[in-house]
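The residues making up each chain are set out below.
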Amino acid sequence: MNKLYKIQKTRYLKPPSEYGDDSLYPDFQNKLEFFKEDLLSNLYNKVPTSYYKFGDGDYYFLNQIPKGSAKPGKRALKKSYSNIDMNPFIDGYRRNSMHACLITSDNTSKFNKMFNKPLDIPSEVIYGLLANKWLLNNINHKIGIIGARPKVKIIKKLMKYEEYKNYLEVDKFNDFITIDQNFACDNLEKTKKKLYRQVEKSDSELFLVGVGHVKSGLLHELTKIRPAVYLDIGIGVDALAGLVNIYRPYFGNWKNYQINNQNMMYKNVDLLINNFGTLGNTIKL
């Protein structure tokens, strides 16, 4: 891996060969610093902002291609695409303040087909700054979590352990806000109503968000419900829940903390391990 794409205190296990080429994305380190400054500035100046992370699954979902997480019955939706109004999703994903995407050619090709503008931020930057905990220990603002109910419940329980809080280098999260883990796209209005009710009551200033493809229909609207900064961290929520595949970008050093003797808590959690991967250094509390 070319040093251009390295992020301090992180490790990327088995990166694609493209990361060996410094011409892939020469502006990487500049974008890393830009994102830090932009995020901190928006928080300090109380600028409502939504950062949307675009991936191949979002491409398939928005184009109604039944593949991977976008396949009906798999994760995002149970109904067929013909039985869902896709317009709010297709209209919504472009309305976010900033858009991120992995810099590999396959991902940027899909990004270019969907967006009429250059990439704002490499997704690698978001992953890396969570993996090295910069996002947690450099933010002097109230941080809330928005994610799938089972995973958010696990994070809330983990935060009762001093060892875990010391590992994250954070004393607390201000909010633990949940959505349905599966099929949240089947009834977007119902999902919005349940989510917005929770967000309205919050006084968090930064929300770390990992809600899957339903984000396309609601992330941009959250800034109107509760003026704050909303950062789509995707599988970063899995990392906070001690469930991330360490072969994901920049999570090679991550320690997956889990609660011992709580099998029921983990029984119905949707693990995003896919065809290869491991939870790696799992620590039981």
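Placed above this text is the structure.
A brief look at the structure comes next. (Residues numbered from 1 in each chain as written. Predicted model: local features only at pLDDT ≥ 70, side-chain atom pairs only at ≥ 80, totals over all residues. Heavy atoms only, no water.)

### Quick word on the environment of Tyr25
Residue placement: Tyr25 occurs in the segment before α1 (28-44). Its relative accessible area of 14% is what places Tyr25 among the buried residues. Tyr25 sits 20 residues away from Tyr5 along the chain, and the two C-alpha atoms are 8.6 Å apart. Each residue touching Tyr25, except ones within four places of it in the same chain, is listed here: Leu4, Tyr5, Lys31, Ile103, Leu119 and Pro122. (Helix = DSSP H or I, 4+ residues; strand = E, 2+ residues; numbered from the N terminus. Buried < 20%, exposed > 50% of the residue type's maximum accessible area, 1.4 Å probe, protein only. Contact = heavy atoms within 4.5 Å.)

### Quick word on the packing of aromatic side chains
Scanning the model with the defined rule gives 20 aromatic pairs in all. Aromatic side chains Phe54 and Phe115 sit 5.4 Å apart centroid to centroid with 90° between the ring planes, which places their arrangement in the edge-to-face category. In this pair, Phe54 is assigned in strand β1 (residues 49-54) and Phe115 in the loop between α4 (105-114) and β3 (121-122), connecting sequence segments 61 residues apart. For the pair Phe54 and Phe115, one class covers both residues: buried. Here the basic side chain of Lys110 rests over the ring of Tyr59, its NZ or CZ set 5.7 Å away from the ring centre. The ring centre of Tyr167 lies 4.1 Å from the NZ or CZ of Lys133, which sits over that ring. (Phe/Tyr/Trp six-rings, centres within 6.5 Å; stacked < 30°, edge-to-face > 60°. Lys NZ or Arg CZ within 6 Å of the ring centre and 35° of its normal.)

### Observations regarding the sheet that holds strand β5 (residues 175-179)
In any sheet, the strands associate via hydrogen bonds between backbone groups, in a parallel or an antiparallel arrangement. As summarised here, the arrangement of the 7 strands in space is β3-β2-β1-β7-β6-β4-β5, forming an open sheet in which the pairing is parallel. If you trace the sheet from one side to the other, it starts and ends with β3 and β5, each paired once. As paired strands, strand β2 (residues 98-101) and β3 are joined by 2 bridges and run parallel to one another. Counted as the bridge partner of Ala100 is Ile121 from β3. Across the sheet, α4 is in contact with β1 and β2; its angle to β2 comes to roughly 150°. (Pairing = 2+ DSSP bridges. Axes fitted to C-alpha atoms, helices over the stretch in contact; angles between N-to-C directions.)

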